[in-house]
Amino acid sequence: MKNILITGVPGIGKTTVIKHIVEKLITVEGANIHGFFTEEIRNDQKQRMGFDIVMIKENRRIQLADKRGVLPQEGTKYLGQYIVYVKNFEQMVLPLLHSVSNAILVIDEIGKMELFSSQFEQAVKSLVHRKDIFVIATVPVKGPPIISHLKEDQNCQVFWVNEKTRDTLPDKLINIVKQINNPNKLPK
């Protein structure tokens, strides 16, 4: 069973593609999907101000990063102009990654901010080799060594989002997920 990695330049639509996949797999196929999205937070002028982690099943959200001048605290790191709330991320995401089974697991994204958590990195490395989990994740074009490792892993397939593919890619990937997981046996 090959996991799916979706990559492309920032802002090309990786999260949009993965959201379309999740919506269709849940509403049409009734698939058992767990995981999270990383959503941009924008101000009234449409400027990116930070990111939230939004859990798929629980519909909970927590702040991942912010550039509004919040003073750093324990469990935070800097990435460029952002303060990354690593502790928040770990408290929200790690319990799911350690308990999920017999499911499609969506990880949006395996990026620099999320990878400030070494526990998250270790969990991802393990999850892509589990037989009872099918991972669909977004990854940056370039990043920390784990990104290259995952792209080269025999258990993962890489798909590029660009202006030509972003409208057709969700249906293509849904068909792949259904074929890999047997359409009558999607985790439910």
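Here we summarise the structure given alongside this text.

On to the sheet that holds strand β2 (residues 33–42). Strands sit in the order β5-β6-β4-β3-β2-β7-β8-β1-β9 across an open sheet of nine strands; the sheet is mixed. The outermost strands of the open sheet, each flanked by one partner alone, are β5 (76–79) and β9 (156–160). Here the strands of the sheet are splayed against their neighbours by 25° on average, with no regard to which way each runs. Summarising the sheet, β2 and strand β7 (residues 103–107) pair through four bridges and their orientation is parallel. When the bridges of β7 are listed, Ile33 appears paired with Ile104. The strands touched by helix α1 (residues 14–27) are β1 (3–7), β2, β7 and β8 (133–139); relative to β2, the strand with the most contacts, the crossing angle is about 140°.

Before going further, it helps to examine the pattern of salt bridges. Applying the stated criterion across every chain, the model contains nine salt bridges. Where Lys24 meets Asp171, a salt bridge forms, and the shortest distance between an N and an O atom there is 3.5 Å. Of this pair, Lys24 sits in helix α1 while Asp171 sits in helix α5 (residues 169–180), placing them 147 residues apart in sequence. For Asp171, a relative accessible area of 43% puts it in the partly exposed group. Note that Arg130 is salt-bridged to Asp132, the shortest N-O span being 2.8 Å. For Asp132, a relative accessible area of 26% gives the class partly exposed. The network of salt bridges with common partners includes Lys19, Glu39, Asp52 and Arg61.

Cut-offs used in this document
- Residues numbered from 1 in each chain as written.
- Predicted model: local features only at pLDDT ≥ 70, side-chain atom pairs only at ≥ 80, totals over all residues.
- Heavy atoms only, no water.
- Pairing = 2+ DSSP bridges.
- Helix = DSSP H or I, 4+ residues; strand = E, 2+ residues; numbered from the N terminus.
- Axes fitted to C-alpha atoms, helices over the stretch in contact; angles between N-to-C directions.
- Contact = heavy atoms within 4.5 Å.
- Salt bridge = Lys/Arg side-chain N within 4 Å of Asp/Glu carboxyl O.
- Buried < 20%, exposed > 50% of the residue type's maximum accessible area, 1.4 Å probe, protein only.

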